[in-house]
Amino acid sequence: MGFWQHVLALAAGAIWAACFGLPRGRRWIEVAAASFVLSTAYARTGWSSAPIFTLCCDAAVCLALYARANTAWEIAIFNVFRLSLLLSLIYSMGDPLGQIGLLQGQFDHRMYVVGLETCNWLVLLIIGGRLGRKGLADGLAPSYPRLAACVRNIIPGGAARRKPPFWESSQ
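Remember, it's a predicted structure, so these values are computed and weren't measured experimentally.

Asks: Explain the environment of Thr118 to me, using residue names and the numbers behind them.
Replies: Within the element layout of this structure, Thr118 appears in helix H6 (residues 109–140). Thr118 sits in the partly exposed class, given a relative accessible area of 41%. Distance from Thr118 to Ser84, taken between C-alpha atoms, is 9.1 Å for residues 34 residues apart in sequence.

Here it is in structure tokens:
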């Protein structure tokens, strides 16, 4: 593992440890970490189609999030993993897209890795922000109710999911 992967693992561990009051946050950190470890291990073996394997791991996380997400911040994590899916799809189709003129030049491997790492950090920021929102807003509420309301409005909260998964809809 490289330096930034160690930093990411330490950050994930720290946020996971801080999630004692947010078990759903712990669950999504564990699922994202499993996807990260599997896809990184596969890529390091040197076998072919590592971006496709990463795409499959992220698709499994997306499906789990789609099925189990109940709050707005979990839907935000779902959207980050959809972005990760898109990055893997674009990278794996680099040659065909370049041949038809949609992607001039090759989608650089460094750009792909930085994009995936950015998605991982966004997931941690969303979960950490939810923790901060919960603790900060609850701590500020008695003394500074207006500031607590501002914090609640800025950071995605625990609002209920607007649309259920398609298999649970009543239509």
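From this point on, the discussion continues.
Asks: Could you give an account of the state of the cysteines, naming the residues involved and the relevant values?
Replies: In total, this model carries zero disulfides according to the counting rule given. For Cys62, which is in no disulfide, the shortest distance to another cysteine sulfur is to Cys119 and amounts to 9.9 Å.

Asks: Would you mind going over the packing of helix H2 (residues 23–45) against helix H4 (residues 72–92) in detail, with residue names and values included?
Replies: Packed helices, taken two at a time, are described by the angle between their axes plus the distance between the axes. In contact at an axis separation of 11 Å, H2 and H4 are set at 10° when each is read in the N-to-C sense. Between H2 and H4, the angle is such that the two are roughly parallel. On H4, the residues that touch Arg24, Gly25, Trp28 and Ala32 of H2 are Trp73, Glu74, Ile77 and Phe81.

Asks: Before we move on, can you summarise the pattern of salt bridges with the specific residues and values?
Replies: Per the counting criterion, the structure on display carries one salt bridge. With a closest N to O distance of 2.6 Å, Arg24 and Glu74 form a salt bridge. Of this pair, Arg24 sits in helix H2 while Glu74 is found in helix H4, placing the two residues 50 residues apart along the sequence. With a relative accessible area of 21%, Arg24 lands in the partly exposed category.

Rules used throughout
- Residues numbered from 1 in each chain as written.
- Predicted model: local features only at pLDDT ≥ 70, side-chain atom pairs only at ≥ 80, totals over all residues.
- Heavy atoms only, no water.
- Helix = DSSP H or I, 4+ residues; strand = E, 2+ residues; numbered from the N terminus.
- Buried < 20%, exposed > 50% of the residue type's maximum accessible area, 1.4 Å probe, protein only.
- Disulfide = S-S within 2.5 Å.
- Axes fitted to C-alpha atoms, helices over the stretch in contact; angles between N-to-C directions.
- Parallel < 35°, antiparallel > 145°, perpendicular 65-115°, else oblique.
- Contact = heavy atoms within 4.5 Å.
- Salt bridge = Lys/Arg side-chain N within 4 Å of Asp/Glu carboxyl O.

Any link to function would need more than the numbers given here.
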